[in-house]
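Take a look at the letters that make up each chain.
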Amino acid sequence: MGKKKTLPILFGLLMIFSAFSGCFGDDFLQSPDKKGIPGGLTLACLSSDEYTSMVVEIDYESGYMPEQSSVDLLKTRLQEVCDKPNGIDVLLTETNFEHSGSWTADDVREKSWEHKSNDPQTSSTLYWQAIFPSGTYSDGGVLGVAVDASTVAIFKETVEDAEGPIFNRPSAEEIENSVLVHEFGHLLGLVNLVYKSPVDHEDKDHPGHSNNEDSVMYWAVESADIGTIITGQLPDEFDNDDLNDLSGILSGEIPVWDQLWVP
Ligand SMILES: [Zn+2]
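Residues numbered from 1 in each chain as written. Predicted model: local features only at pLDDT ≥ 70, side-chain atom pairs only at ≥ 80, totals over all residues.

### Focus: the overall build of the protein chain
This is how it is decided: Note on conventions: DSSP H or I runs of at least 4 residues are helices, E runs of at least 2 residues are strands, and numbering of each starts at the N terminus. In this scheme every C-beta is placed from the backbone, and a residue whose C-beta has 20 or more other C-beta atoms within 10 Å is buried, one with 12 or fewer is exposed, and one in between is partly exposed. Here contacts are defined at the residue level, using C-beta atoms placed from the backbone and a cut-off of 7 Å between them.
Scanning the protein chain from terminus to terminus reveals seven helices and six strands. The order of α-helices and β-strands along the protein chain, N terminus first, is α-β-α-β-α-β-β-β-β-α-α-α-α. Burial statistics for the protein chain: of 263 residues in total, 48% are counted as buried. Long-range pairs, those at least 24 residues apart, make up 70% of the contacts in the protein chain with a sequence separation of at least 6.

So, in structure tokens, the structure goes:
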């Protein structure tokens with residue numbers, strides 16, 4: 001009855017004051033087996049062998065509803081990579097998480113699972129979830145986190161604070177668009193979370209992230225410094241290396257591990 005240690009990974013510990021080393025290196029947290037790690041349902045999403053439809057459940061606190069543009073963009077990006085012949089639906093639900101104070105990764109997991117409408121793997125439907133809670137992450141300056149195989153959180157207050165103060169800097173809406181896709185990119189296993197890319201595009205100083213500023217998986221995308229690091233157009237799509245990784249995983253050319261479902 002040994003306590004099985006899972007590979008605990010936490011994304012998004014990017015600090016306001018550029019302490020970027022902490023992305024998910026120094027705060028290891030447990031994710032119970034059943035919940036998996038980010039990337040644990042990559043094959044379930046990419047393949048239509050078992051899961052022919054998908055529901056993206058977005059639970060938001062009153063006043064924290066995501067922008068319609070974020071919802072639309074996320075759906076488009078998932079449709080581009082996940083084969084779901086019976087469709088990808090978005091289910092928006094206003095929710096009271098009854099949580100005060102800041103959020104840890106454990107809080108996000110606990111409250112998200114309390115409010116999931118279904119188990120992530122229900123019949124032929126795959127359920128992924130984003131929560132938009134009030135409040136901020138316990139480590140300041142984090143815009144979003146991916147905490148297990150089916151769950152992400154977006155911290156809208158921090159997203160709004162990250163809006164560039166100077167003309168031409170990205171707006172809060174643009175940041176939210178990119179951060180939401182970025183966190184779901186982690187659920188897709190990007191970059192190198194559950195596989196090793198044949199191409200060297202993981203940023204050396206920011207594990208799990210892209211070194212290409214034109215990829216939505218670029219490391220700065222979930223940082224509150226985003227408005228000063230990227231002054232022009234924010235990336236909001238997966239780049240060719242990301243897409244090639246995903247198609248290699250689906251075809252079997254790239255070995256993949258820690259999967260909650262395999263064909
Ligand atoms: Zn990230």
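### Considerations on the environment of Leu188
Here Leu188 is to be found in the loop between helix 5 (172-187) and helix 6 (226-229). Along the sequence, Leu188 and Leu43 sit 145 residues apart, while their C-alpha atoms lie 8.2 Å from each other.

### A closer look at helix 7 (residues 240-251)
For clarity, the cut-off: Residue count minus one, scaled by 1.5 Å, sets the expected span of a helix. Think of it as the arc spanned by the lines of direction from the helix axis to the C-beta atoms.
In this model helix 7 runs 16 Å from its N-terminal to its C-terminal C-alpha over 12 residues, within 8% of the 16 Å that 1.5 Å per residue would give. Taken residue by residue, helix 7 has Asp241, Asp242, Asp245, Leu246 and Ile249 as its buried positions. Taken around the axis of helix 7, the buried residues stretch over an arc of 140°, which confines them to a single face. Facing away from the buried side of helix 7 by more than 90 degrees, the exposed set consists of Asn240, Ser247 and Ser251. On its buried face, helix 7 sits against helix 1 (42-46) and helix 2 (68-81). In the stretch just after helix 7, Gly252 is the one whose phi turns positive, near 95°.

### Observations concerning the pairing of strand 6 (residues 151-154)
Put simply, the rule reads: Pairing between strands is defined by DSSP: at least two bridges between them are needed.
By the alternation rule, side chains of strand 6 split into Thr151 and Ala153 and Val152 and Ile154, which are all buried. Pairing between strand 4 (residues 125-132) and strand 6: three bridges, direction parallel. Bridge assignment links Ile131 to a residue of strand 6, and that residue is Ala153. Two elements, strand 5 (residues 144-148) and strand 6, share four bridges in a ladder whose sense is antiparallel. The residue of strand 6 that forms the bridge with Val145 is Ala153.

### Quick word on the pairing of strand 4
Counting buried residues in strand 4 gives seven out of eight residues, a clear majority hidden from the surface. Bridge analysis of strand 1 (residues 53-60) against strand 4 gives eight bridges, and the strand direction is parallel. From the neighbouring strand, Val56 faces strand 4, where its bridge partner is Trp128. Looking at chain direction, strand 3 (residues 121-122) and strand 4 are connected through two bridges and run antiparallel. In the strand pairing of strand 4, Thr122 is matched with Thr125. The hairpin turn running from strand 3 into strand 4, its antiparallel successor, is two residues long, and Ser123 in that turn takes a positive phi close to 55°.

### Focus: unusual backbone geometry
Between Leu190 and the following residue, Val191, the backbone shows a cis peptide bond with an omega angle of -10°. Note that Val191 resides in the loop between helix 5 and helix 6. Even without a glycine there, the phi angle at Asn192 is positive, about 65°. Here Asn192 lies in the loop between helix 5 and helix 6.

### Some words on helix 2
Its 14 residues give helix 2 an end-to-end C-alpha distance of 21 Å, which sits within 8% of 20 Å, the value for a rise of 1.5 Å per residue. Among the residues of helix 2, those classed as buried are Ser70, Leu74, Arg77 and Leu78. The buried residues of helix 2 occupy an angular sector of 95° when the element is viewed end-on, so they sit on one face. Residues of helix 2 that are exposed and point over 90 degrees away from its buried face: Gln68, Asp72 and Glu80.

### Section: the packing of helix 2 against helix 5
Using the following cut-off: Whenever a helix is involved, its axis is fitted only over the stretch in contact; in every case the axis is a line through C-alpha atoms, and angles between N-to-C directions fall within 0 to 180 degrees. Less than a right angle of anticlockwise turn of the near helix away from the far helix marks a crossing as left-handed, whereas a clockwise turn marks it as right-handed. Amino acid classes used here: Ala, Val, Leu, Ile, Met, Phe, Trp, Tyr, Cys and Pro are nonpolar; Asp, Glu, Lys and Arg are charged; the rest, including Gly, are polar.
It is at 9 Å that the axes of helix 2 and helix 5 come closest, and there the two elements cross at 35°. Regarding helix 2 and helix 5, the two cross each other, and that crossing is right-handed. Contact with helix 2, carried on its side by Ser69, Ser70, Leu73, Leu74, Arg77 and Leu78, involves Glu173, Glu176, Asn177, Leu180, Val181 and Phe184 of helix 5 and no other residues of that element. Classifying every residue of the contact of helix 2 with helix 5 gives six nonpolar, three polar and three charged.

### Considering the confidence of the model for the protein chain
The predicted structure's coordinates, where accompanied by low pLDDT, should not be read in detail. Threshold: Scored from 0 to 100, pLDDT records how confident the predictor is in each individual residue.
The pLDDT averaged across the protein chain works out to 87; a share of 86% of its residues lies at or above 70. Contacts for the low-pLDDT stretch residues 1-32, under 50 throughout, to residues beyond four places or in other chains number 68 contacts.

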